[in-house]
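Report on the structure
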Amino acid sequence: MPHSSTVAFISYWRGLQAEPDRAPPRDRFDPGRLSRLIPQMIMVSTVDARHRFRLAGGFLTALHGRELKTTPFLTLFRPAFIDAVAAAMTLARRREQPLVLTVSAPWETPQQQDDDLFQDETLALEICLCPLANDVGKVDRMVGLCQTLSAPPQRIDGRLGLYSLDAARLYAPDRDIRAAHLQLIAANGKRIA
């Protein structure tokens, strides 16, 4: 089940639709309506096969340790998963339905001699992509957000490595979307999620 932020994002997107099986117009999308999610928001072009980032919020930029604008979205994935992600995005664009990708990626940190404990950290993420139509009704962008599903990395001096695709799901217009049951997780008396 998707994260509650993903559910809120898809619900907002669905509220913009004039018809249940059509992507809403891009000019109706107002990121200010989801202001708490702006750092996690992304916008990807669908007019080129590489799906370049048009926008990437500060959260994703911080995770990758670099600006992502104009970077091809598909280059964030390991080569073995690029075709599957491209096919899922094409299907979401053609059907004009939200796509939720569940991915995992290594947290890459600078090598330190006596610090092997944190070298094998992996982060789980959920990436939601919803199609938006241009002024002639053609889907030319996908807007969405990136949400972590795992605890933050132990060391903050790293960056996210290439993604592995764990799952890809399309959400049909009549499919009810519910958030995953959230639980408080604590380690050594500290809340971590």
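Here, the structure is the one placed above.
As the structure is a computational prediction, the values presented were derived from the model and not from experiment. (Residues numbered from 1 in each chain as written. Predicted model: local features only at pLDDT ≥ 70, side-chain atom pairs only at ≥ 80, totals over all residues. Heavy atoms only, no water.)

1. Regarding the side chain of Thr-46
Summarising the element assignment, Thr-46 is placed in the loop between strand E1 (41-45) and strand E2 (53-56). Looking at Thr-46, its side chain comes within polar contact range of the main-chain oxygen of Val-139, at 3.2 Å. (Helix = DSSP H or I, 4+ residues; strand = E, 2+ residues; numbered from the N terminus. Polar contact = N/O pair within 3.5 Å; in protein donor to acceptor, adjacent residues only side chain to side chain.)

2. A closer look at unusual backbone geometry
In this structure, Thr-70 takes a positive phi of about 75° despite not being glycine. Within the element layout of this structure, Thr-70 appears in the loop between helix H2 (58-64) and helix H3 (79-95).

3. Remarks on the pattern of salt bridges
Within the structure shown, the criterion is met by four salt bridges. A salt bridge links Arg-22 to Glu-96; its shortest N-O distance comes to 3.4 Å. With a gap of 74 residues between them, Arg-22 in the loop between helix H1 (4-16) and E1 and Glu-96 in the loop between H3 and strand E3 (99-108) connect regions that are remote in the sequence. Taking the relative accessible area as the measure of exposure, Glu-96 reaches 9% and is therefore buried. Across the salt bridge formed by Asp-140 and Arg-141, the nearest N and O atoms sit 3.8 Å from each other. Note on accessibility: Asp-140 and Arg-141 belong to one class, buried. Where salt bridges share partners, they join Arg-26, Asp-140 and Arg-141 into one cluster. (Salt bridge = Lys/Arg side-chain N within 4 Å of Asp/Glu carboxyl O. Buried < 20%, exposed > 50% of the residue type's maximum accessible area, 1.4 Å probe, protein only.)

4. Focus on H1
The terminal C-alpha atoms of H1, which comprises 13 residues, lie 19 Å apart, in line with the 18 Å expected from a rise of 1.5 Å per residue. Residues of H1 that are buried: Ser-5, Thr-6, Val-7, Phe-9, Ile-10, Tyr-12, Trp-13 and Leu-16. The inward-facing, buried residues of H1 contact E1, E3, strand E4 (122-133) and strand E5 (139-148). (Expected span 1.5 Å × (residues − 1). Contact = heavy atoms within 4.5 Å.)

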